[in-house]
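# Summary of the model geometry
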Amino acid sequence: MPASIINGSELAKQIRADVAKEVAERIQAGKPKPGLATILVGDDPASHDYVRSKHKACNEAGIESFGYELPATASQKEVQDLVKRLNDDPKVNGILVQLPLPKGLDEEGVLSAIRLEKDVDGFHPINIGRLAQKGREPLFVPCTPAGCMVMLEKNLPKIEGKNAVVLGRSNIVGMPVALLLVRANATVTICHSKSTDLPGIIRQADILVAAVGRPEMVRGDWIKPGAVVIDVGINHVDDPTRPRGYRLVGDVNYAEAVEVAGAITPVPGGVGPMTIAMLLKSTLAAAKIANG
Ligand code: NDP
């Protein structure tokens, strides 16, 4: 039986509607509008697109957004001074630094400058450190990994005790997803470019989260029948039949995997939309920290 399709677009729409409703209620009750500031350094076109989508989503949810752009030549001090200014701005509840930063800037230094209570992207070293530690609670969790967990929770009656394989160990996706899965009491294996026998490891997985950035790398016969597959990958592949000349595919060969998995996220329309929905949720949470 083909897998059930995990519709990230629908789920994200619901989350965004819930956030918008709560924001409207807060404003009705006389509380200030939640605010998100974005910092974009340099002129990477994909980063510009992502930031634009984040502002649009804020607008639709009734969240105020403030966009700050700095040239790729900006110094470490200039970026951190901006972060510090936004830390002290009461209209700004959340600060998002669009990653990656241009070469030459110290990412950890910039992320560490964000006030913990405004770290809606969850990348402050203290929030990540707390995520990795037993009995500690991060104030915020990175948005894409948080979206993966919501999708898993909706599609698995129980994560506890399941074998989970995370393919990829980046700071942005793989590692925080793995940490969240450990917190949910899954037994987690993290694979990376030096792992051997990926098919053999992945065949043990009740849960597979693929975040490698390699188009359709995971084949259908690597997947355990009935597994829940979360495909984070967003890869452009040439396709002259499409108006833009390319199409988007995930890290999993969807056509093959859908015949084997129990549930699977499509690309596009899977994890992608969840990332922004989780960012709005975190911004609302930050507004609650600031204004009750
Ligand atoms: P990175 O390039 O930072 O990390 C890729 C990871 O995959 C690394 O850990 C790397 O291993 C591992 N890897 C690369 N090639 C192989 C291989 N052949 N076999 C096994 N492991 C391999 O990518 P990101 O984590 O930032 O992104 C991953 C994917 O997710 C991309 O397609 C990206 O576009 C997408 N993405 C989607 C988002 C969304 O909202 N849906 C948000 C963020 C990313 P090593 O550590 O050894 O180098």
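The structure under discussion appears in the preceding block.
A few points on the structure. (Residues numbered from 1 in each chain as written. Predicted model: local features only at pLDDT ≥ 70, side-chain atom pairs only at ≥ 80, totals over all residues. Heavy atoms only, no water.)

## A closer look at the overall build of the protein
Within the protein one finds ten helices and eleven strands. For a compact globule of 292 residues, the expected C-alpha radius of gyration is about 19 Å, and the protein comes in at 19 Å, within 12% of that figure. For the protein, the spread of C-alpha atoms along the three principal axes comes to 55 × 40 × 40 Å. In the protein, which comprises 292 residues, the proportion classed as buried is 49%. Residue pairs in contact within the protein that sit at least 24 positions apart in sequence constitute 68% of those at least 6 positions apart. Carbon together with sulfur atoms contributes 52% to the accessible area of the protein, which is approximately 14,100 Å² in total. With 34 positive and 33 negative side-chain charges, the protein shows a separation of 4 Å between the mean positions of the two kinds. (Helix = DSSP H or I, 4+ residues; strand = E, 2+ residues; numbered from the N terminus. Rg over C-alpha atoms; globule rule 2.2 N^0.38 Å. Buried < 20%, exposed > 50% of the residue type's maximum accessible area, 1.4 Å probe, protein only. Contact = heavy atoms within 4.5 Å. Areas by Shrake-Rupley, 256 points an atom, 1.4 Å probe, with all protein chains shown as cover. Lys, Arg positive; Asp, Glu negative; His and termini not counted. Charge placed at Lys NZ, Arg CZ, Asp CG, Glu CD.)

## Examining the pairing of strand S9 (residues 235-238)
Across the two faces of S9 the burial differs, with Asn235 and Val237 buried and His236 and Asp238 not buried at all. The sheet contact formed by S9 and strand S10 (residues 246-249) spans four bridges and is antiparallel. Pairing of Asp238 across the sheet is with Tyr246, part of S10. (Pairing = 2+ DSSP bridges.)

## Things to note about the pattern of salt bridges
Side-chain pairing between opposite charges can occur once the charged atoms of the two side chains come close. Taken as a whole, this structure holds 13 salt bridges when the rule is applied. Residues Lys77 and Asp81 are paired through a salt bridge, measuring 2.7 Å at the closest nitrogen-oxygen approach. A residue pair is termed a helical-turn pair when its members lie 3 or 4 positions apart in one helix, as Lys77 and Asp81 do in helix H3 (residues 76-87) at four residues. For Asp239, the salt bridge goes to Arg242, with nearest N and O atoms at 3.6 Å. In this structure Asp239 comes out as buried when scored by relative accessible area, which is 10%. For Arg242, a relative accessible area of 41% corresponds to the partly exposed category. Within this structure, Arg16, Lys56 and Glu60 form a network of salt bridges that share partners. (Salt bridge = Lys/Arg side-chain N within 4 Å of Asp/Glu carboxyl O.)

## Structural notes on the site of the ligand
Taken together, 20 residues form the shell around the ligand, and within it Arg169, Ser170, Ser193, Ile234 and Thr275 come nearest. A distance of 3.4 Å is found between a nitrogen atom of the ligand and a backbone nitrogen or oxygen belonging to His192. Ile234 is positioned with one of its backbone polar atoms (N or O) 3.0 Å from an oxygen atom of the ligand. Protein coverage of the free-state accessible area of the ligand, which is 930 Å², stands at 70%. Looking at the shell around the ligand element by element, the count peaks at three residues for helix H10 (residues 271-291). Taken together, the residues of the shell around the ligand sort by class into eight nonpolar, ten polar and two charged. (Near = heavy atom within 4 Å. Polar contact = N/O pair within 3.5 Å; in protein donor to acceptor, adjacent residues only side chain to side chain. Nonpolar A, V, L, I, M, F, W, Y, C, P; charged D, E, K, R; others polar.)

## A few points about the sheet that holds strand S4 (residues 94-97)
What the three strands build is an open sheet, ordered S3-S2-S4; its pairing is parallel. Looking along the sheet, the strands with just one partner apiece sit at the ends: strand S3 (64-70) and S4. Going across the sheet, the axis of each strand differs from the next one's by a mean of 15°, ignoring polarity. Pairing analysis gives seven bridges linking strand S2 (residues 35-41) to S3, with the strands arranged parallel. What sits directly across from Thr38, in S3, is Gly67. (Axes fitted to C-alpha atoms, helices over the stretch in contact; angles between N-to-C directions.)

## Structural notes on helix H2 (residues 45-61)
Residues that lie three or four places apart on an α-helix share one face, since the helix turns once every 3.6 residues. The terminal C-alpha atoms of H2 lie 25 Å apart, and with 17 residues this matches the ideal 24 Å at 1.5 Å per residue to within 8%. Of all the positions in H2, only Ser47, Val51, Lys54, His55, Ala57, Cys58 and Ala61 are classed as buried. Here the buried residues of H2 occupy an arc of 165° about the axis, which is enough to place them on one side. For H2, exposure combined with an orientation more than 90 degrees from the buried face picks out Pro45, Arg52, Lys56, Asn59 and Glu60. Contact partners of the buried residues in H2: helix H1 (8-28), S2, S3, S4 and H10. Looking one or two residues beyond H2, the residue adopting positive phi is Gly62, at roughly 80°. (Expected span 1.5 Å × (residues − 1). Arc of directions from axis to C-beta.)

## Thoughts on the environment of Ala178
Examined against the element boundaries, Ala178 turns out to sit in helix H7 (residues 174-183). On a C-alpha basis, the gap between Ala178 and Val166 in space is 6.3 Å, while along the polypeptide they are twelve residues apart.

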